[in-house]
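Fold and contact review
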Amino acid sequence: MTEKEEAETTPETQRRFQRFNSLLSEDELIEDYYKDESSPSNHYWNDGGLNSFYLRSSLAFRALSPDGDSMDRSDSSAVLSPVFKAGWLDKNPPQGSYIYQKRWVKLDADFLRYFDSEKDVYSKRLIPVSSITRVASIGDQKFEVITNNRTFAFRAESDADRNEWIKALQKTLDERKARCSDRVSFIQAAGSSFDSVDKCGLLELRGFKNKLYVVVAGEKVFLYKNAEDFRLRVGITYIEMNVGNVKDVDRRGFDLTTPYRIFSFVAESDQEKEEWVEAMQQSIAEALSNFEVAEKIWAVEANCFCADCGSPKPDWASINLCVVICKRCAGEHRGLGPSITKVRSLKMDKKVWTEELIELFLQVGNAVANQFWAANVPPSEAISPTSGSQERRHFLVAKYREGKYRRYHPLFGNQDELNKALCVAVTTRDLAETLSLLFCGAEVSCCSGDPGYPSPLALAEQAGQRLQVEFLLQNKTSETPQLDMGTNMERHYSVVLPSVAHNGFLYKTPSMAKLVHERKSREEFSRRWCCLHDGIFSYYENNTNTVPNGEIKMQEITCVVNNPPDTHGFVSTFEVHIESERLYLFGLDSPEAIKEWVKCIAKSFLPMAAEGLLSRDFERLGRLHYKGGLNLEQAKEGWFALVQSTLYAYLEGGEETVHLRKLQELSIQGDNEVLVLVERRRTLYIQGDRKLDFLGWVNAIQKAAGSSGDTLSEQQLTEMDVPIIVDRCIDYITQCGLTSEGIYRKSGQNSKTTGLLEMLRKDARKVRLKEGEHQVDDVANTLKRFFRDIGDGLFTKDCSLEWLKATALEDTEEKIAQYRRLLSSLPAVNRATVKVLINHLYRVQRFSDMNQMTTHNLAIVFGPTLFQTDGQDYKAGRVVEDLIRCYVDIFSVDEEEMRKQQEEITAIMKMRIAGSSSGTQHAGDFICTVYLEEKKTEAEQHIKIPATMTAEELTFGILDRRKIVMKEKDFWSCFEVNEREEAERPLHYSEKVLPILHSLGKESYLVVKRQLSMENMLVYLASRVGDSSKHGMMKFREEKNLLGVGLSTGFHDRYFILNSTCLRLFKEVRSHKPEKEWPVKNLKVYLGIKKKVRPPTCWGFTVFFENEKLEKQQWYLCCDTQMDLRAWFATFLSVQHGGNIWPSESSKIRVSRTQQDSRLGNISLIPLRGNENEMRKSVAAFAADPLMLLRDV
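What counts as what
Residues numbered from 1 in each chain as written. Predicted model: local features only at pLDDT ≥ 70, side-chain atom pairs only at ≥ 80, totals over all residues. Heavy atoms only, no water. Pairing = 2+ DSSP bridges. Helix = DSSP H or I, 4+ residues; strand = E, 2+ residues; numbered from the N terminus. Axes fitted to C-alpha atoms, helices over the stretch in contact; angles between N-to-C directions. Salt bridge = Lys/Arg side-chain N within 4 Å of Asp/Glu carboxyl O. Buried < 20%, exposed > 50% of the residue type's maximum accessible area, 1.4 Å probe, protein only. Core = buried A, V, L, I, M, F, W, Y, C linked by side-chain atoms within 4.5 Å. Contact = heavy atoms within 4.5 Å. Phe/Tyr/Trp six-rings, centres within 6.5 Å; stacked < 30°, edge-to-face > 60°. Lys NZ or Arg CZ within 6 Å of the ring centre and 35° of its normal. Parallel < 35°, antiparallel > 145°, perpendicular 65-115°, else oblique. Left-handed = near helix turned anticlockwise from the far one by under 90°. Nonpolar A, V, L, I, M, F, W, Y, C, P; charged D, E, K, R; others polar. pLDDT = per-residue confidence, 0-100.

The next thing to look at is the sheet that holds strand β5 (residues 132-137). An order of β4-β3-β2-β1-β7-β6-β5 is seen for the seven strands of this open sheet, with the pairing classed as antiparallel. What marks the edges here is a single partner per strand, and that holds for β4 (125-128) and β5. When the angles between neighbouring strand axes are averaged without regard to direction, this sheet yields 30°.

The next point concerns the pattern of salt bridges. Tallying each qualifying case throughout the model produces 59 salt bridges. Linking R765 and D763 is a salt bridge whose minimum nitrogen-to-oxygen distance equals 3.9 Å. On the basis of relative accessible area, D763 is assigned to the buried category, the value being 18%. A salt bridge links K935 to E979, with the nearest nitrogen and oxygen atoms 3.5 Å apart. One end of the pair, K935, is in the loop between β32 (927-932) and β33 (940-944); the other, E979, is in the loop between β34 (972-978) and β35 (983-986), and 44 residues separate them in sequence. Of the residues examined, K935 reaches a relative accessible area of 41% and is grouped as partly exposed. By sharing partners, the salt bridges in this structure join E332, R393, E579, R623, E637 and R690 into a single network.

What follows deals with the pairing of strand β19 (residues 526-533). Pairing of strand β18 (residues 502-508) with β19 involves seven bridges; the strand directions are antiparallel. Across the sheet, the residue bridging to G504 is C530, located in β19. Bridge analysis of β19 against strand β20 (residues 536-540) gives five bridges, and the strand direction is antiparallel. Bridge pairing in β20 places W529 opposite Y540. Between the end of β19 and the start of β20, which pair antiparallel, lie two residues, with D534 showing a positive phi angle near 55°.

The tendency in soluble globular proteins is for nonpolar side chains to be buried as a group. Of all hydrophobic cores here, the largest spans 69 residues; its most connected members are Y744, W803, L837 and L841. It is helix α26 (residues 828-846) that contributes the most residues to this core, nine residues altogether. Excluding anything up to four places from it in sequence, Y744 contacts I733, A780, L783, K784, H840, L841, V844, L858, V861 and F862. C322, V364, L422 and V444 belong to the second largest nonpolar core, which has 62 residues in total.

Before going further, it helps to spend a moment on helix α17 (residues 466-474). Within α17, seven of the nine residues are buried, which leaves it mostly tucked inside the rest of the structure. Taken as a whole, α17 has its buried residues at L467, Q468, V469, E470, F471, L472 and Q474. Summarising the contacts, the buried residues of α17 are in contact with α11 (355-363), α14 (415-425), α15 (431-438) and α16 (456-463).

We now examine the sheet that holds strand β15 (residues 316-318). In spatial order, the strands read β16-β15-β17; together these three strands make up an open sheet with antiparallel pairing. Looking at strand neighbours, the two that pair on one side only are β16 (323-325) and β17 (343-345), the edges of this open sheet. Pairs of neighbouring strands in the sheet enclose a mean axial angle of 35°, with direction left out of account. Of the strand pairs in this sheet, β15 and β17 are connected by three bridges, and their pairing is antiparallel. Opposite W316, over in β17, you have S345 as the bridge partner.

Here we take up unusual backbone geometry. One non-glycine residue, Y744, adopts positive backbone phi at about 75°. As for its placement among the helices and strands, Y744 is situated in the loop between α21 (724-736) and α22 (750-763). At Q852, a position not held by glycine, the phi torsion is positive, near 65°. Given the relative accessible area of 37%, Q852 is considered partly exposed.

A few words on the packing of aromatic side chains. All chains considered together, the criterion is met by 45 aromatic pairs. Measuring from ring centre to ring centre gives 5.5 Å for Y887 and F891, while their planes differ by 40°; the resulting arrangement is tilted. Both residues of the pair, Y887 and F891, belong to the buried class. The structure contains a cluster of three or more aromatic residues connected by ring pairs, namely F111, Y213, F222, Y224, F230 and Y238. Stacked on the ring of F505, the Lys or Arg R527 has its end atom at 3.6 Å from the ring centre. Between R620 and the ring centre of W697, over which it is positioned, the NZ or CZ distance is 5.5 Å.

As a further point, take the environment of L321. Along the chain, L321 turns up in the loop between β15 and β16. As a C-alpha pair, L321 and N475 span 154 residues in sequence and 8.1 Å in three-dimensional space. The contacts of L321, once residues within four sequence positions are left out, are H333, I340, T341, A369, W373, Y400, L435 and F439.

Here we take up the packing of helix α10 (residues 327-336) against helix α13 (residues 389-401). When two helices pack together, their arrangement is given by the angle between their axes and by how far apart the axes lie. The N-to-C vectors of α10 and α13 enclose an angle of 55°; their axes lie 9 Å apart at closest approach. When the interaxial angle is binned, α10 and α13 end up oblique. In the crossing of α10 with α13, the sense of the turn from one axis to the other is right-handed. Contacts from R328, C329, E332, H333 and L336 of α10 reach α13 at S389, R392, R393, L396, V397, Y400 and R401. Residue composition of the contact of α10 with α13, by class: five nonpolar, two polar and five charged.

For the protein, the mean per-residue pLDDT works out to 79, and 82% of the residues sit at or above 70. Averaged pLDDT values over the elements of the protein bottom out at 30 in helix α4 (residues 59-62) and peak at 95 in β16. Low pLDDT (under 50) marks residues 485-498, which in the prediction has 34 contacts with non-local residues, meaning those over four places away or in another chain. In this model, residues 1146-1193 is a region of pLDDT below 50 whose contacts with residues beyond four sequence positions or in other chains number 143 contacts.

Here it is in structure tokens:
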């Protein structure tokens, strides 16, 4: 209402208005819950309020419910709960009043609710049917509804009407008892169990004097008068969130809007508001998820209840076991691993649910599956909807991993007979038989004995049994249950853990379902007496109580976190994460006491084999699933401890260490479910089975992997202990600015320098300096500013004076010896950085004829920068000048390192000329993605490609990372794969990789794998020693070029002669003059032909020709046999590479390889800047005397 309208409203009207808007039951005094009539907030109901809803037509809400009821899903189903009876009743007067109040009352399968009018959507009171214990007549026209703690009295218009109400209520109660005899109703679980609600607590509803108790549970928001009513499950109303929307209003306020009303809530703090808004938004997302699949699968009655615990309306499923399960059981299923059970959502994973899979669940589903899996479950071991995480886990391990309760097939134990029976069963419609055979040991990929249909899958396809095909595909990698098996977790806990006892007072907050981002004040903690004994952590109201307020079983703990000092209101705090996605926060003002608690708790849940992690001063310790090494099929369980920037892991092979600041890549793949850590020689995949715990690890690892301070050792580092910031800037300037006039003397734009330095400091690993996007002077200025601002300086404050004094030494040898001593006294990171920087400046001054930056000029610029002085002390410049001039002697640079530097610079400048001539530019830091054996995410390897790297070195590098040992007659090669042409080419072991990378298209990639035909090709060439030619018939087809010239009418027989210089094509054997002739050096031969051109055989080549004039041709060759194909391809390789197609002593080469300095053999390439004439002059000088520019002055 406007101020004018409010002024004109009479007090009587206001009272009626307020009374109409009440959501509270008349069982209490309504006036107690409203503010005074004079309160300025009487205008709180706006156009979206209940008054406007009262004026809406009934069509507005009939869009939600055909019978005028609000949408009532028992578990957020799209199916409305039918109204069994509705009508007007007089309700028992409040507080002894004798004036009965007329209410519109509705009864459905879940609630008895009453409203002010038949058009209302939101009730004044709701009574769960599950809480009603009895219905009784109490006189003329009256009856009582009795719950466990309260009695509600109603009066009907006649005795007949009363009797109908009693009959309807009694029938509803009886049906519910019959349907849920051993189950807890959804509302009971959602309304009374703190474990199953997403968020609950007190909120102020604007316009009301007292706060209401609000509960977000699944797809509904429930309103209660207080926490006691919540415990008794007698509420005011609930809001279906599929029609809701949450809107931020002010600092602590937010609105929950529906088509019928705006609920304006006010939280106690900003953080509380954010938590409520997030919880309600998640509830809306869940409510709006797709119900189509769920409705289809719930059409079978058995699928309407969880196959494991019996909870109603389960919305998750195991697609290989064909069982429908609830959310809590789904979490435990994930812990079993994908080889046992593949968990998917009925509502959110819509793409998974094909028609065949849905039909499979209708044919099999919970009924058939449990006849097998749960045939022998003892009542004492069965679980229910109220069972805890530990009970569920043990039951599911026994049921699915061990197969403890399954119905054994008569052929169990006879592998051959099981396989034969499976081959027969898949050709029929008997899915139950297939399921029984498969999970009693029959092999999905067994041999059928029929060459035409060699496997059960082929037999099922041939028989047209598409559901059998679907079931076999879903179980292609499933493991057979074994009683002696257990997960790593189960094996850990089968060992008796040391009995740790500890007790004392701790301050505790309520458990949370999300990470703690905001500081918790002391007032939010409650003092509790805590006791750790026999693997159970209990907390009590005080040290005299005998009944605990709550318990945490050590086996349920997934992680313990030791927070930094003063993170919250207490000096020291720690967190405990458990499997049910809850977080407990404890605190004290004594760091020693907290450290002892953390140590005791960690020792109680950590297996003895991983106790070495306890010796670390860890910030976070817990268990996670991971993949790594050669086996990426199945995730394993490992124990991890985070200590500053180092991640210690106890994995299957023992304890390993990951230096997080030295990672080459740190990323999250999938739907935020896999954390990828890439090191030089390995890749580790950490999986997030539980969202809360995983997010905590991701945040902690990302923070630890970043820069943590302003000293050199606290920066992100390369493998050679050089800050990535320095590495990135030097790489870029080496490749783009060696010839830039005034490099390091000219200043870049201050704003760009500041922005670039901020990005690099935030996460240098993600920054790629690219020509065109970044200017050389800006990058140079960034590097100088980094050294000027770095804490403690490059030469350290303690040693800088000694460096300056060394300039006074007159004897050159004595001065060099002193510099070497000072260099060895520096910290490792500083020492490595000095070497890399001086090496770079040494290169820069070699181009002083073009960039005008002599050794003296560079010293003037870098002296004050590196020593962080004001430039008045000339000695700082003298130190830098001495280091550059005597670089080779001070840093003991041998001739081999000098040669590598020369080769790199030559390659860079040649590429620069080629790039500027052709108009192409290859920007970026060449960290290339190479796949191992096949193109898939878990096979990705990210590797830096130097200019000198050969295909052999790349192959060995990838194999070293994955710790693959090359066995005798293992011919590993790097292949260039062209997906568009459906062809691949094994690179010759001596080929340089970098030019190939520049030529790759978007549909091409590199993969390292075994070259299976190499042994046969070597045998063939050995049999033809001295004869490097080959001739014979092949089928030929030429692809049209861009001008439309060329053959395209199919394949034709042609005669070919291949010798050491050229390939000739003749129309027939008797022809004397070739139709075409191509120089061998201009040919690229790929194995394979794309299907689109319809090759006559499957043994063919795709050949690309390009001459010096950049004229291009493409054609295809087909052989009649595989042997013929190998012979032709071997000859092609032999003539192109002088008969040497495979290194004779590759193993020796591999052993002798030394680790290359990241600065002296691994420069990642970006085209150099500068004009073409300068580049050509430099290359000409290099060609005349390659070592001239790198010799000591």
